[in-house]
Amino acid sequence: ARPALAGIALTSSLRVRRMAWWSRTRVVYAIGRNYVAHAHELNNPVPKAPFWFIKPASSIIGSGTPHQLAPGATDTHHELELGVVIGRRATRVKAADAMAHVGGYCLALDMTDRGAQDAAKKAGKPWAAAKGWDTSCPVSEMVPAAAVADPSSLDMWLRVNGEAAPRQSGSTGLMIFGARL
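Residues numbered from 1 in each chain as written. Predicted model: local features only at pLDDT ≥ 70, side-chain atom pairs only at ≥ 80, totals over all residues. Heavy atoms only, no water.

Peer 1: If you had to explain the overall build of the chain to someone new, which residues and values would you point to?
Peer 2: The number of helices and strands found in the chain is 3 helices and 9 strands. Walking the chain from its N terminus toward its C terminus, one meets helices and strands in the order β-α-β-β-β-β-α-α-β-β-β-β. The long-range fraction of contacts in the chain, counting pairs at least 24 apart against all pairs at least 6 apart in sequence, stands at 72%. Looking at the chain as shown, the accessible area adds up to about 10700 Å², and 55% of this sits on carbon and sulfur atoms. (Helix = DSSP H or I, 4+ residues; strand = E, 2+ residues; numbered from the N terminus. Contact = heavy atoms within 4.5 Å. Areas by Shrake-Rupley, 256 points an atom, 1.4 Å probe, with all protein chains shown as cover.)

Here it is as structure tokens:
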């Protein structure tokens, strides 16, 4: 059996008394369309190179913290993602040195206002507002990098409000552009 990030599923309420690990985050960098099935589901081409987008630090909240839907949203989706936490200052790092900067991993929920995203795409405009409203990126506790032998071989799942069956599950092995460079 492959290792799983089971212990950090987004089901537990955080009662944090210390500073949360994400409190000094400046921006969330994300790779879009990183799963073949998801690209096909949205009728998008499978990318040949990473497709980046960002979320502001204000989008991050702890697992179990109440979140808001995007203002005026009519069709909000969520996608469970592996978060790679950069643990020390990193600027223009060579690929060969990148993993030395990873401090840990978390589960992250990428919430999207799909209606706003579709409208922005049709207008040829950026869709940051469809991805980056306050509270649009709930995250789990961080697992130290040393505790994760291979981030490209993890099973992840999402249970919401105590549901018995996972609402979403997947493997990091299915990512087009994995965490390990």
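Here the narrative resumes.
Peer 1: Tell me about the packing of aromatic side chains, and name the residues and values.
Peer 2: Within the structure shown, the criterion is met by 3 aromatic pairs. A centroid spacing of 5.6 Å and a plane angle of 90° characterise the contact between Trp 21 and Trp 22, whose relative ring orientation is edge-to-face. In this structure Trp 22 comes out as buried when scored by relative accessible area, which is 15%. Site record: aromatic cluster; members linked through ring pairs are Phe 51, Phe 53 and Trp 127. (Phe/Tyr/Trp six-rings, centres within 6.5 Å; stacked < 30°, edge-to-face > 60°. Buried < 20%, exposed > 50% of the residue type's maximum accessible area, 1.4 Å probe, protein only.)

Peer 1: Give a description of helix 2 (residues 114-122) that names residues and reports values.
Peer 2: When we look at burial in helix 2, the residues that qualify are Arg 114, Gln 117 and Ala 120. Buried residues along helix 2 cover an arc of 125° about the axis, so they all sit on one side. Elements in contact with the buried residues of helix 2: helix 1 (36-41), strand 4 (76-86), strand 5 (102-113) and helix 3 (128-131). (Arc of directions from axis to C-beta.)

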